[in-house]
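Spelled out, the chains give:
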Amino acid sequence: MDMANSLSSLVDGFGTALSPGNVMWAALGVLLGTAIGVLPGIGPAMAVALLLPVTYGLDPTAAFIMFAGIYYGGMFGGSTTSILLNTPGETAAVVAALEGHPMARSGRGAQALAAAAIGHFAGGMIGTILLVVLAPTIAEWAVDMGAADYFAIMVLAFVAVTSVLGNSRVRGFASLLIGLTIGMVGLDALTGQQRLTFDVLQLADGIDVVIVAVGLFAIGEALWVALHLRRRPDRPIPVGRPWLGRAELRRTWKPWLRGPLIGFPFGAIPAGGAEIPTFLSYATEKRLSRHRDEFGKGAIEGVAGPESAASASAAGTLASMLTLGLPTTAVAAVMLAAFQSYGIQPGPLLFERESELVWALIASLFVGMAMLLVLNLPLAPIWAKLLRVPRPYLYAGILFFAAVGAYAVGGETLDLVILLIIGLVGLLMRRYGLPVLPAVLGAILGPAAELQMRRALQISDGSVSGLFDTPFSVGVYALIAAIVAWPLVRRVLRRVRRRATPGARVPRG
Amino acid sequence: MTGIRPWLRERSELGVCALLLVLGALVLGDVLTMDVDIEQRGPVGPTTMPTVVGVALLVVAALLAVDVLRGGRGEAEGGEDIDLAAPGDWRTVLLLAGVFLGNAVLIEPLGLPASGALMFWGSAWVLGSRAYHRDPLIAAVLSVATYVLFDSLLGIPLPGGPLMEVL
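The shown structure was predicted, so the numbers you read here are calculated from the model rather than taken from an experiment.

Chemist: Looking at this structure, how should I read the pattern of salt bridges?
Modeler: When charged atoms on two side chains of opposite charge get close, those side chains can pair. According to the stated counting rule, one finds 12 salt bridges over all chains in the structure shown. In this structure, the salt-bridge partner of Glu77 of chain B is Arg430 of chain A, at a minimum N-O distance of 3.4 Å. Remark: Arg430 of chain A occurs in helix 16 (residues 413-431) and Glu77 of chain B occurs in the loop between helix 3 (48-69) and helix 4 (90-110); the pair is interchain, linking two chains. Classification of Glu77 of chain B by relative accessible area gives partly exposed; the value is 31%. Residue Arg430 of chain A is classed as buried on the basis of its relative accessible area, which comes to 3%. Through salt bridges with shared partners, one network takes in Asp188, Arg195, Glu450 and Arg454 of chain A.

Here it is as structure tokens:
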């Protein structure tokens, strides 16, 4: 598909996205997304998981337009919380607190909020334009990918999320294996063999992804918070309407434009979404700034750049999810599950088979972004009021919606019990530092990975070489080997360096 | 260093190792009880993946145990409403789990509007809310509105229970 072709598809997409019904879903999505982003304790992944059952009553286009609104809206709202409260809930918003909160404390909260909101808008816009330009090309190139290539890329996703995220690989792998085990429950896709069902009839269909996602994200989080609930929540700093003066604009426009260049590529690879690019953007802005001494005390560049990178990384995430069927963040993993529940398989063929849906979704990203800017700039003080919601209601509400959603999946009481068990697993994982994303990815992607592996081995008649017979898969395995070997290499390098400079103290960590 | 209890309390993460060990044994046990030769299509059957995952679970359980014994600790997750300095309030968690299971038992006989409202009120109470007029009101409105949204507007059937038959 060439550029002109994708532009005309995009115009058609706007036609669909701007129909009154779809504008309403986009508006609902960004409203919910912003509210959820602002509300403490709820991240976009939990929000999308809780809303999965609602989509059973919607057509796919409407559902994905709403999901995309929630994803982007959550990013906008999350920075409000970290600037005004200094206790970021989403990892993507950690960096916003570094400079944004000191700004709010020194009475420049309005400027911090504006720099963040416009940064999200700029990053989202540039990121989505990159998505429009690159996605069809990636899809076209990926059409020739075979079973072995898909298996390789899924293994890469597993290894990358367990190795890059968090600070303990063993715990990452433990989480991944828990997810893979949950994904295996049910009838084997190729032979119909019962696995891990223990002759329970309801388990033969497997554990629905909604139950897994809601259990790990919603129940797990609510119970974990309940275990350590802060009895007196922090008071948010009161703030006026966001605005920027000329001097601030001069300092922020370059970070806004630089952020997406860092954010988009990192969103597209399985490296944990917005966490790494926001830190990289922060470091870059600190290095390039003429006001380096202000960093740590409220430098506006440190809000503008990372926030722009965060939104662009969301667009990069969508690029991988739509063109390769590869979720790189928790939200994308849950969205992939939603696609599958409609019988749609994201991947290179998506742009051919579901062209209308994909382009309507992409067009709605632009529509949603415009809505978000309007919603967030003048209304920020109102959103900030959400920070005062009584915590018992907030977490009781999460438990309530989780139960309703899980029951709506199949009308089974047993699903509620499984939901609670998975929720308790989620609680333990948070307590002992096991990252949640590998488990969700394992449960959602595990069955697909197994299927691709067995297909590849069927083609090669059982010979293991069937997994390595394309240049692409060999390249991916080389990359995996590099990721696995990296800490060892680093340790050796450090030892060599220490020997080269005797007596020098090498910082650990 | 007196007695085994403080030693274990300090290393409670070993419980995670035990869970992984049990899970691995469960997966491998399931592989052993499968009748694979019924319909084995292709060289790699339905047992390959569980075998790999099961063995990996045992290995990771062992590696994690070694890490914990050498002083490694998983870092508990922080958050806006989380105060890690406070000791864990397991009573609240157990009560919430009880309220949640209560809803699972009651949802079919009572219907979602009634059981859901009870669950919301119960959870809010467990979490420390004591507004005896406002709490049940919010619970009832939320529960009935959600029921109407799912059942009537979205067309996803939920049990209404006797209450909804009267209305």
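Chemist: I'm lost on the domain arrangement of chain B in this one. Help?
Modeler: When the parts of a complex come together, some accessible area is lost, and that lost area is often used as the size of the interface. Assigned domains of chain B: these are domain 1 (4-69) and domain 2 (90-166). For domain 1 of chain B and domain 2 of chain B, the distance between their C-alpha centroids amounts to 37 Å.

Chemist: Before we go on, may I ask you to explain helix 11 (residues 301-324) of chain A in this structure?
Modeler: Each full turn of the α-helix corresponds to 3.6 residues, which orients residues three or four apart in the same direction. All names here are of chain A. With 24 residues, helix 11 ought to run about 34 Å at 1.5 Å a step, and its terminal C-alpha atoms sit 34 Å apart, in line with that. The buried count for helix 11 comes to 24 of 24 residues, which makes it a mostly enclosed element. Downstream of helix 11 by one or two residues, Gly325 has phi in the positive range, about 70°.

Chemist: Could you clarify how one ought to interpret the interface of chain A and chain B in this entry?
Modeler: Between chain A and chain B, the contact holds 76 residues from the first and 78 residues from the second. Summed over both sides, the interface between chain A and chain B buries roughly 6,700 Å², with carbon and sulfur atoms accounting for 71% of that surface. Remark: the boundary between chain A and chain B carries 4 salt bridges. The shortest N-O distance in the salt bridge between Arg171 of chain A and Glu13 of chain B comes to 2.7 Å. Of all elements in the fold, only helix 7 (169-184), strand 2 (194-195), helix 8 (209-227), helix 15 (391-410), helix 16 and helix 17 (436-459) of chain A reach the threshold of two or more residues within the side of chain A that touches chain B. Counted by class, the side of chain A that touches chain B contains 46 nonpolar, 18 polar and 12 charged residues.

Chemist: Help me understand the nonpolar core, please; the structure alone is not making it clear to me.
Modeler: Across soluble globular proteins, nonpolar side chains have a tendency to be buried as a group. Grouped together as the largest cluster of nonpolar side chains are 211 residues, with contacts concentrated most on Phe67, Tyr72, Phe217 and Ile362 of chain A together with Leu20 of chain B. When residues of this core are assigned to domains, at least three map to each of domain 1 (4-69) and domain 2 (90-166) of chain B. Once residues lying within four places of it in the same chain are set aside, the contact partners of Leu20 of chain B are Ala174 and Ile178 of chain A together with Leu57, Val60, Ala61 and Leu64 of chain B.

Chemist: Could you clarify how one ought to interpret the side chain of Thr146 of chain B in this entry?
Modeler: Residues and elements named next belong to chain B. Structurally, Thr146 can be placed in helix 6 (residues 134-153). Residue classification places Thr146 among the buried residues on the basis of a relative accessible area of 5%. Within the structure, the side chain of Thr146 is placed 2.6 Å from the backbone oxygen of Leu142, a separation counted as a polar contact.

The rules behind the values
- Residues numbered from 1 in each chain as written.
- Chains lettered and ligands numbered in written order.
- Predicted model: local features only at pLDDT ≥ 70, side-chain atom pairs only at ≥ 80, totals over all residues.
- Heavy atoms only, no water.
- Salt bridge = Lys/Arg side-chain N within 4 Å of Asp/Glu carboxyl O.
- Helix = DSSP H or I, 4+ residues; strand = E, 2+ residues; numbered from the N terminus.
- Buried < 20%, exposed > 50% of the residue type's maximum accessible area, 1.4 Å probe, protein only.
- Domains from an automatic or database assignment.
- Expected span 1.5 Å × (residues − 1).
- Contact = heavy atoms within 4.5 Å.
- Buried area = accessible area lost by both parts, 1.4 Å probe.
- Nonpolar A, V, L, I, M, F, W, Y, C, P; charged D, E, K, R; others polar.
- Core = buried A, V, L, I, M, F, W, Y, C linked by side-chain atoms within 4.5 Å.
- Polar contact = N/O pair within 3.5 Å; in protein donor to acceptor, adjacent residues only side chain to side chain.

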